[in-house]
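Analysis of the macromolecular model
What follows is each chain in one-letter form.
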Amino acid sequence: MEPSPAAKARTTGRLLLSTPLDAKDEMEERLERCFAIVQSLTNGLSEREANDALTANVCKGSQNHEEVCLGLFLLILTEPTQAQRCYRDLALLSRDGMSVILVKLNQIMMEKYLKLQDVPRTQMVWLIKELVKTGVVGADGVLMTLMKQIAGGDISNKNLWLAEGVLDILVEQKEWLLKNSMLIAMSVYTYLRLIVDHGTPQLLTLRQREVDFCITLLREKFMDCYIIGRDLVRLLQIVARIPEMELLWKDLLHKPQALSPQFTGLIQLLTARTSRKFLACRLTPDMETKLLFMTSRVRFGQQKRYQDWFQRQYLSMAESQSLRCDLIRYICGVVHPSNEVLSSDILPRWAIIGWLLTTCTSNVAASNAKLALFYDWLFFNPEKDSIMNIEPAILVMHHSMKPHPAITATLLDFMCRIIPHFFPPLETQVRQGVFNSLNFIMEKRVLAHLAPLFDNPKLDRELRSMLRERFPEFCSSPSPPTEVKMEESSMEDNHVSDKEEGCYDNTEAAFSDDEDDFNSKGKKREFRFHPIKEAIIEEPADITPYLDQLDDTMKEKVLQLQKTSDSEMQCVAMQEIVDLILEEDFETEQMSTLASCLAELFKNHFRGDVLPDDITEESLEESVCKPVCLVFRNLCTMQEDNAGFSVLLDMLAELYQKQPKIGYHLLYYLKASKAAVGKMSLYESFAQATALGDLHTCLMMDMKACQEDDVRLLCYLTPSIYSEFPDETLRSGELLNMIVAVIDSTQLQELMCHVMMGNLVMFRKDSVLNILIQSLDWETFEQYSTWQLFLAHSIPLETIIPILQHLKYKEHPEALSCLLLQLRREKPTEDMVRMVLSRACHPDDQFTTSLLRHWATKHDDLLSEHIKAQLIKNNNQPRKRQSLRSSSSKLAQLTLEQILEHLDNLRLSLSNTKNNFFNQTPILQALQHVQASCDESHKMRFSDLFSLAEEYEDSQSKPPKCRRKAVVSSPRSRKGTAPPPNEEESVSSSASDEEDSKPKPTKRKRKGSSAVGSDSD
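By convention here, each chain's residues receive numbers from 1 onward along its written sequence. Note on the predicted model: pLDDT of at least 70 is required for a residue's local features to be given, and 80 or more for side-chain atom pairs to be given and counted; whole-chain, interface and lining totals, by contrast, use all residues. As a rule here, side-chain values come from all non-hydrogen atoms in the structure, and water together with hydrogens is ignored.

**Some words on the packing of helix 9 (residues 157-172) against helix 12 (residues 204-220)**
Rules: Note on method: axes are straight lines fitted to C-alpha atoms, helices fitted across the in-contact stretch only, with angles between N-to-C directions ranging 0 to 180 degrees. For helices the rule is a DSSP run of H or I covering at least 4 residues; for strands it is a run of E covering at least 2, with both sets numbered from the N terminus onward. In this scheme the crossing of two helices becomes right-handed for a clockwise turn of the near helix relative to the far one and left-handed for an anticlockwise turn of less than a right angle. Should any heavy atoms of two residues lie within 4.5 Å, those residues are counted as being in contact. When residues are sorted by character, Ala, Val, Leu, Ile, Met, Phe, Trp, Tyr, Cys and Pro go into the nonpolar class, Asp, Glu, Lys and Arg into the charged class, and all the rest, Gly among them, into the polar class.
Between helix 9 and helix 12, whose axes approach to 11 Å, the crossing angle comes to 35°. The two elements helix 9 and helix 12 meet at a crossing, and its hand is left-handed. Contact residues: Leu160, Glu164, Leu167, Asp168, Leu170 and Val171 in helix 9; Leu206, Arg209, Glu210 and Phe213 in helix 12. Split by residue class, the contact of helix 9 with helix 12 holds six nonpolar, no polar and four charged.

What follows is the structure, given as structure tokens:
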């Protein structure tokens, strides 16, 4: 049983993918040792002799039995050519019904599947197929574990191969499958969910196989599938448009007995709660591990990098949007934190669900995600169902009211509309289920009152009216419904902790709404983000658990550091510890333990403000004389190629894991200390040494921590951070948003001064437009601050003028007002005029008209030339082609009709003034040019505008007598001998045009006046 030459040539592991830097995997190492034992027993023997030798060895004891089985197991996974023979030997030699193999298979699939090489992954599916064929007890459990590895929302080749491979086993071994009720239900649940992802033309064959498989099991073994519960209906609803599924759906609704005599109807299925094992089976073990880590280990406010990792790995593709439903159902139904976790600062479930909802990019997926969130509400029974299943939805709505009112509004609207529309015949039951949910929420004190949520002024009138109509019982409040908040009395017995009073951004978690109300001077942001100064009870540092893991010399120095309270003596002791670390015989194994000791000893150093109140050279130097700064100072004095440099960096990285504030303390030291002048690049080395390993991620996390702890320090560091790390700070608005979210007006003015003096650059031409577009979703003060900082730079306005096409007058008043004030100072250019004219016309949007009016007053000659150019350019474009182009573009294209509308609005705006803008030759020539080629509908609609061109044409050449008679019946009108009557007539005409939108009476009126004018001539 020798391995093939290809296997001998391998230098890496036989089972798992690895790099030269990875440590050898313990499980793989053990399997290879077992393989070596099998090889030593069978080397040079014939097949029969080898079998006898293995049998004799197995008889010696359980350990020998396990080693032989695992050795053969590794051969099956890595040597396809010998797999059949090895499996036969394994079946003969196994004395525990393959129990050792089943356990190891489960372990590999749960912990190592993603690291498996291609050959072992293929062989693993083959081995499970053989286990099923030979009827090994427990094979169903292994197959369910393998099925769990089929990821939802993933149509990569490997995932499709696995889905098809498992389906082959289930179809080929149908008789075996029909004997196992749980496997039937799990298979139907899995493949009903996968059908949604396999809708592309290339995957229709696979989808049809999956549909046929599910239909067969649902019709033949419906009561086995019934154990899935109400989520079976949810999955069937999503795929109900497939013809075969539609027939099944009709039987489910109208002929339930056709499926099973024990099945009485849809309500029977909808009132059955779905077991956790089904909700968990649609997440891969890796997804499940990451979600459980976030909900049990990550602190609220520090979740962004974990969410970003999860997003990149599982939610970045368009087809992955369908995975959000699985995640939300898992969080609601499976992740039920203990009271200890709920009362801690651990990331709450509602924050993760809020993130999943706000980052959803597909309308269909968003609708399905909302249904997944509220699904347990619809038929909620307090006696059977858990409060933990319905709690996330109410808390998402509650906590989103301030930062994301649109999320709260859309969820409340969905909750109201799902009652009559989920299934009209069951409207009464759905209404009762939602009522039970809301009632139970108040009973359990999840929220003290629902009235502040249902009758909040931030919701539009129609939605509030609908809520009052649907839920009048919950819309009466003992206090005015000004803000969503919980009474203090209810918080004592509420398992939802105080930290959940915030939003997705934990900086708001520490503040009550009353603090906001006290401020009447428009500085609400300043109060809201200042951390609460809690009474700090200083407890002596307890490093006892770590001391025994240190060697004697280091232990003595650490104890010396603990005993002394004098700052200078602590610095001396810390320097001695650093010297010990730099010695060649220092054991790096105790690095983590030492970091834990230092983090505990220095915990008081990380409390309070870092930046002195009075900033002078002396006070700055004094502020960086703490013991923890000794590590920074030693790093600054070393060369990067020094061996001790990397050791100290590793020490700092370990300390960073224990105390994340060390990151921005290092930034402060590099900025404030004279010993660190020109050493800011040291931070980049530090970032690469941390577990994050990425400068951008590390920098953003440290600045976020700084923002939460000390806003003054954030402003102090800002110029250095932007100048030293331009690629990390200027390419996105992440850091800028952190800054403008917390600064007050004084700090804003200081930053603007830094920009004006050249000490700070926060925008550059290549990225400023994208950052300003990002800022459109920020709060009002944040947007105004961003625009003030932008205007402090000397970036030409033409760089950001395309933002106009992203601005809507109701949604972006901050950006529009800043742009309006800035554009009025500029001379109009062709690009500016084109962008301004490309804004859609709306009666309430006065931006374009007000700006054009200002330019018409100050720069009439320039404006007239640019408008002429746009009119002629757009008039020459074929209408059909122009329409096609505008429909295919993401942004609105400038059309001739838009220009004429804006000009007509400008004409009306200038009608009561003495402005002669529309008497200018370029404008009149352009109108004349357009009138000659435009269609009749435009001529009628803009007849007042074109009449100006007609007057210009008549004034250029005196018409012959025969021509004058034609004037009476021509649209040309309002010809007078003096300019004042012309202007009055234009005004009266426009007024009459406003009173009556029909153009024909207006034309008849003009004919009369025109005839009188002709007679007087």
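**Some words on the side chain of Arg234**
How we decide: Think of a polar contact as two N or O atoms within 3.5 Å of one another; within protein, one of them needs to be a possible hydrogen donor and the other a possible acceptor, and neighboring residues in sequence only count if both atoms come from side chains.
With respect to the element layout, Arg234 can be found in helix 14 (residues 231-238). Engagement of the side chain of Arg234 in a polar contact is seen with the side chain of Asp231, the distance being 2.8 Å. Not counting residues up to four positions away in its chain, the partners in contact with Arg234 are Tyr189, Cys325, Arg329, Leu371 and Tyr375.

**Considerations on empty space enclosed by the protein**
In this approach a probe as big as a water molecule rolls over the atoms, and the regions it shows empty are the leftover space. The condition is simple: The distinction between a cavity and a pocket rests on a 1 Å grid over the protein atoms alone: a 1.4 Å probe fits inside a cavity but cannot get out, while a pocket stays open yet meets protein on both sides within 12 Å along at least five of seven lines, and a residue with an atom within 4 Å of a point counts as lining. Grid points are joined across faces, edges and corners, and a volume is the space filled by probe spheres set on the points.
Tallying each qualifying case throughout the model produces three cavities of 30 Å³ or more. Its boundaries defined by the atoms lining it, the second largest cavity holds a volume of some 50 Å³. In terms of lining residues, the second largest cavity is bounded by Val610, Ser623, Lys626, Val628, Cys629, Phe632, His665 and Tyr668. Of all elements in the fold, only helix 37 (629-637) and helix 39 (662-672) reach the threshold of two or more residues within the lining of the second largest cavity.

**Describing unusual backbone geometry**
In plain terms, the rule: Remark: exposure states derive from per-residue accessible area (1.4 Å probe, protein chains only) relative to the maximum for the residue type, with buried under 20%, exposed over 50%, and partly exposed in between.
The residue Met98 is not glycine, and still its phi comes out positive at about 70°. Secondary-structure assignment places Met98 in the loop between helix 5 (83-93) and helix 6 (99-111). For Met98, a relative accessible area of 6% corresponds to the buried category. Phi is positive for Arg445, close to 60°, though the residue is something other than glycine. Take Arg445: its relative accessible area is 26%, and that puts it in the partly exposed class.

**Observations regarding the state of the cysteines**
What counts here: Here, a disulfide means two cysteine sulfur atoms that sit within 2.5 Å of each other.
Under the counting rule described, the total for this entry stands at zero disulfides. For Cys629, which is in no disulfide, the shortest distance to another cysteine sulfur is to Cys625 and amounts to 7.7 Å. Owing to a relative accessible area of 7%, Cys629 belongs among the buried residues under this scheme.

**Some points on the packing of helix 8 (residues 139-148) against helix 9**
Using the following cut-off: For classification purposes, angles smaller than 35 degrees are called roughly parallel, those larger than 145 roughly antiparallel, those between 65 and 115 roughly perpendicular, and all remaining angles oblique.
Where helix 8 meets helix 9, the axes come as close as 10 Å, and the angle between the chain directions of the two elements is 155°. Compared by their axis directions, helix 8 and helix 9 come out roughly antiparallel. Crossing geometry of helix 8 relative to helix 9 is assigned as left-handed. Residue-level inspection shows Leu143, Leu146 and Met147 of helix 8 in contact with helix 9, the latter providing Leu162, Val166, Ile169 and Leu170. Looking at side-chain class alone, the contact of helix 8 with helix 9 contains seven nonpolar, no polar and no charged residues.

**Re the packing of aromatic side chains**
How we decide: Whether two aromatic rings pair depends on their centres lying within 6.5 Å, for rings of Phe, Tyr and Trp, where Trp uses its six-membered ring; planes under 30 degrees apart make the pair stacked, over 60 edge-to-face, and the rest tilted. Definition used: whenever NZ (Lys) or CZ (Arg) falls within 6 Å of the ring centre and also within 35 degrees of the ring normal, the charge is taken to sit over that ring.
The tally for this structure, following the rule as stated, stands at 24 aromatic pairs. Aromatic side chains Tyr87 and Trp126 sit 6.3 Å apart centroid to centroid with 80° between the ring planes, which places their arrangement in the edge-to-face category. Of this pair, Tyr87 sits in helix 5 while Trp126 sits in helix 7 (residues 118-133), and the two are 39 residues apart along the sequence. Clustering of aromatic rings is evident, with ring pairs tying together Tyr656, Tyr683, Phe686 and Phe725. Taking NZ or CZ as reference, Arg14 lies 4.5 Å from the ring centre of Phe35, over its face. A cation over an aromatic ring shows up here: Lys671 above the ring of Tyr716, its NZ or CZ 5.0 Å from the ring centre.

**Structural notes on the nonpolar core**
Keep this limit in mind: By nonpolar core is meant a set of buried Ala, Val, Leu, Ile, Met, Phe, Trp, Tyr and Cys residues that side-chain atoms within 4.5 Å join together.
Residues Leu192, Met245, Trp377, Ile394, Met415, Phe454 and Phe471 are the most contacted members of the largest nonpolar core, which totals 173 residues. The dominant element in this core, judged by the number of residues it contributes, is helix 11 (residues 181-195), at 10 residues. If sequence neighbours within four positions are ignored, Trp377 has contacts with Ile390, Ala393, Ile394, Met397, Met415, Gly433, Val434, Ser437, Leu438 and Ile441.

**Some remarks on the pattern of salt bridges**
Condition: Salt bridges are identified by distance alone: a Lys or Arg side-chain nitrogen within 4 Å of an Asp or Glu carboxyl oxygen.
Tallied over the entire structure, the rule returns 44 salt bridges. The partner of Glu901 in a salt bridge is Arg941, with the nearest N and O atoms 3.0 Å apart. Here Glu901 is found in helix 53 (residues 896-910), whereas its partner Arg941 is found in helix 55 (residues 936-941), with 40 residues between them in sequence. What makes Glu901 partly exposed here is its relative accessible area of 22%. Residue classification places Arg941 among the partly exposed positions, given a relative accessible area of 41%. When salt bridges with common partners are traced through the structure, they connect Arg230, Asp231, Arg234, Arg273, Arg329, Asp376 and Asp385 into a single cluster.

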